[in-house]
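Below, each chain spelled out in residue letters.
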Amino acid sequence: VSTQDGHGSSHCNYSFPQRFDDAYKNELEHFIDILDGKESLITAKDCIQASQITGSAQACRLLQAKSDSASVPGEFDKDPYPTVDANEFGVIVFGTGRMGRVRATSIQTEEGVNVLYGFDVIEDSVKSFAKDFNCTGFVLNDENLQKALSDPKVGAVFVSTTSSSHCTLILASLNAGKHVFCEKPLALTAADTEKCVRLALEKGLALYCGFHRRSDIHFMKLKESIQGTKQLIRVTSREPASNSGIAYLLASGGFLFDSVIHDIDMAIYLANEYPFEVYCQANAFNPTLKEAGDVDAIVVILRFPSGCIVSIDNHRNAVYGYDQRAEVHTDVGMYSVENLGFTATQIANSKGFTTDNPPDFLARYKDAYIDETKHFISLLKGKTKTPRSPIRDYVVTAKIAETARESL
């Protein structure tokens, strides 16, 4: 049914006997075949193992932790949001690669805000960035860093470098009195993440972590639409193997801090509370990652004080392309965001129906990155009062990632 309010379809008004009517008939016929001497699809061993698994799951359930209240670190709340003191201000972009360019392109569209410096460890990248954005380019070293951070025209910095350098650049920038936007993660440990957060609060400066799904129109609409008591939440992520080279993966801080931390943040965002129990299982199918002590397939289970359970599953090698989904089940309905095609085109032929998945995260979240950058600048100008990604969540998210790593 299509109306001015949108498109809808009838609900699934059949019961499971109706849904599996043919299966029940086939099952009965199969049993008769067994009596006639044909091989069974289900063996006695299968039944015994299923019972053992069920028993183990029940025993595990009895050992689960219990919590009656949420753990929300109110000490990290910051209100009102810090702002710049001038109508116009300059920006430093650390990291002149693909994400640095995404941020710089968005910054240049903001009135009164200019990219003054671009930093990277690769000289050719710095030169190209400086030319494209009409700014000063520096190879990253201590002398150049202090020179740029001491510039009074600089009001904020954007950190888009490799994850291992985030904490150092954040602390240096905050100590220089600059507001900071940083790609996830802020640091590779919960302790270092807390150092960054506490210093920002001590200095009265903004620290914003780029959890970009909070600025994606589809996930924002999902959160806005949820009604009823949240009971089950599922967050699914898949990345194509070509999304990042093996050198990047080995220097990324590990799968949990590099990628799954986005899913953890989405779990907190949708559940609107903090978990009290974390369980994780993972495996490395890529031999190089396995040798390095990392994984490429992972499942994380989070339990929340309200009773809501979140399951996260993520994989680094999706042969069919980039894939991001979320589903929220409540006592009144189900709310979800399915994987978006690169375009809305669907092709039907003798092989069935096909769509084209986005090739990577930049294609899927192009608009979200732009909007997120503008949102941060709007916060600094005082035009927007409430951050989509609040500072109080950052330490909790990092602690969950660490706890999941301990659970492996």
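Residues numbered from 1 in each chain as written. Predicted model: local features only at pLDDT ≥ 70, side-chain atom pairs only at ≥ 80, totals over all residues. Heavy atoms only, no water.

Visitor: Would you explain the pattern of salt bridges in this entry?
Guide: If the charged atoms of two oppositely charged side chains come close together, the side chains can form a pair. A complete count under the given rule lists 22 salt bridges for this structure. The salt bridge partner of Asp 393 is Arg 214, with a shortest N-O separation of 3.0 Å. Placement of Asp 393 in helix H15 (residues 392-407) and of Arg 214 in the loop between strand E8 (207-210) and helix H9 (217-225) is noted, with a sequence separation of 179 residues between them. The exposure class of Asp 393 is buried, given its relative accessible area of 5%. For Asp 258, the salt bridge goes to Arg 316, with nearest N and O atoms at 3.8 Å. Pair noted here: Asp 258 is in helix H11 (residues 255-271) and Arg 316 is in the loop between strand E12 (309-315) and strand E13 (323-330), with a separation of 58 residues, a long-range link. Here Asp 258 and Arg 316 have matching classes, each one buried. One salt-bridge network, held together by shared partners, links Lys 184, Asp 258, Asp 294 and Arg 316. (Salt bridge = Lys/Arg side-chain N within 4 Å of Asp/Glu carboxyl O. Helix = DSSP H or I, 4+ residues; strand = E, 2+ residues; numbered from the N terminus. Buried < 20%, exposed > 50% of the residue type's maximum accessible area, 1.4 Å probe, protein only.)

Visitor: Just to check I follow, could you spell out the sheet that holds strand E4 (residues 113-120) for this structure?
Guide: Within a beta sheet, neighbouring strands are joined by backbone hydrogen bonds and run either parallel or antiparallel to one another. Overall, parallel pairing links the six strands, which are arranged E5-E4-E3-E6-E7-E8 in an open sheet. In this open sheet, the two edge strands, each paired with only one partner strand, are strand E5 (136-139) and E8. For this sheet, the mean angle separating the axes of adjacent strands, direction not counted, is 20°. Bridging between strand E3 (residues 89-94) and E4 involves six bridges; their strand directions are parallel. (Pairing = 2+ DSSP bridges. Axes fitted to C-alpha atoms, helices over the stretch in contact; angles between N-to-C directions.)

Visitor: Looking at this model, I keep getting lost on the pairing of E3. Mind explaining?
Guide: In regular strands, side chains alternate between the two faces of the sheet. Buried residues dominate E3, accounting for six of its six residues. Both faces of E3 are covered, namely the face carrying Phe 89, Val 91 and Val 93 and the face carrying Gly 90, Ile 92 and Phe 94. Of the crossover connections in this fold, the one passing from E3 over helix H4 (residues 98-107) to the parallel E4 is right-handed. As paired strands, E3 and strand E6 (residues 154-159) are joined by five bridges and run parallel to one another. Each bridged residue has a counterpart across the sheet, and for Gly 90 the counterpart in E6 is Val 154. (Right-handed = clockwise from strand over helix to strand, strands pointing away.)

Visitor: Honestly, the sheet that holds strand E14 (residues 334-337) in this entry has me stumped. Any pointers?
Guide: In space, the six strands of this open sheet follow the order E10-E11-E12-E9-E13-E14, with mixed pairing throughout. The sheet is open, and its two borders are formed by strand E10 (277-283) and E14, each paired with just one other strand. Neighbour-to-neighbour, the strand axes of this sheet turn through a mean angle of 10°, independent of strand direction. Where strand E11 (residues 297-303) lies against E12, seven bridges are found, and the strand directions are antiparallel. From the neighbouring strand, Val 300 faces E12, where its bridge partner is Ile 312. The strands touched by H9 are E13 and E14; relative to E14, the strand with the most contacts, the crossing angle is about 175°. The strands touched by H15 within the sheet are E10 and E11, with E10 carrying the most contacts at an inclination of about 55°. (Contact = heavy atoms within 4.5 Å.)

Visitor: Whenever I open this one, the environment of Ser 350 confuses me. Can you help?
Guide: Secondary-structure assignment places Ser 350 in the loop between strand E15 (346-349) and strand E16 (352-355). Its relative accessible area of 80% is what places Ser 350 among the exposed residues. A C-alpha to C-alpha distance of 32 Å links Ser 350 and Tyr 365, two positions 15 residues apart in sequence.

Visitor: What exactly am I supposed to notice about the packing of aromatic side chains here?
Guide: Two aromatic rings, taken as a pair, are described by how far apart their centres are and by the angle between their planes. Under the criterion given, the structure shown has twelve aromatic pairs. Their ring planes at 45° and their centres at 5.2 Å tell us that Phe 94 and Phe 119 sit as a pair that is tilted. Pair noted here: Phe 94 is in strand E3 and Phe 119 is in strand E4, with a separation of 25 residues, a long-range link. On the basis of relative accessibility, which here comes to 0%, the residue Phe 94 falls in the buried class. Among the aromatic side chains, those forming a connected cluster through ring pairs are Phe 94, Tyr 117, Phe 119 and Phe 138. Across the ring face of Phe 20, the terminal group of Arg 19 is positioned such that the distance to the ring centre comes to 4.4 Å. Between the NZ or CZ atom of Lys 223 and the centre of the ring of Tyr 269, over which it lies, the distance is 4.8 Å. (Phe/Tyr/Trp six-rings, centres within 6.5 Å; stacked < 30°, edge-to-face > 60°. Lys NZ or Arg CZ within 6 Å of the ring centre and 35° of its normal.)

Visitor: Please clarify how H4 should be interpreted in this entry.
Guide: Each turn of an α-helix holds 3.6 residues, which means side chains three or four residues apart point in the same direction. Burial in H4 covers these residues: Met 99, Gly 100, Arg 103, Ala 104, Ser 106 and Ile 107. Considered in projection along H4, the buried side chains sweep an arc of 165° and stay on one side of the axis. (Arc of directions from axis to C-beta.)

Visitor: What should I look at first to understand the pairing of E5 in this one?
Guide: Of the pairings in the sheet, the one linking E4 to E5 comprises four bridges and is parallel in character. Its bridge partner lying in E5, Tyr 117 is registered against Thr 136. Note that the unit made of E4, helix H5 (residues 123-133) and E5 has a crossover that is right-handed.

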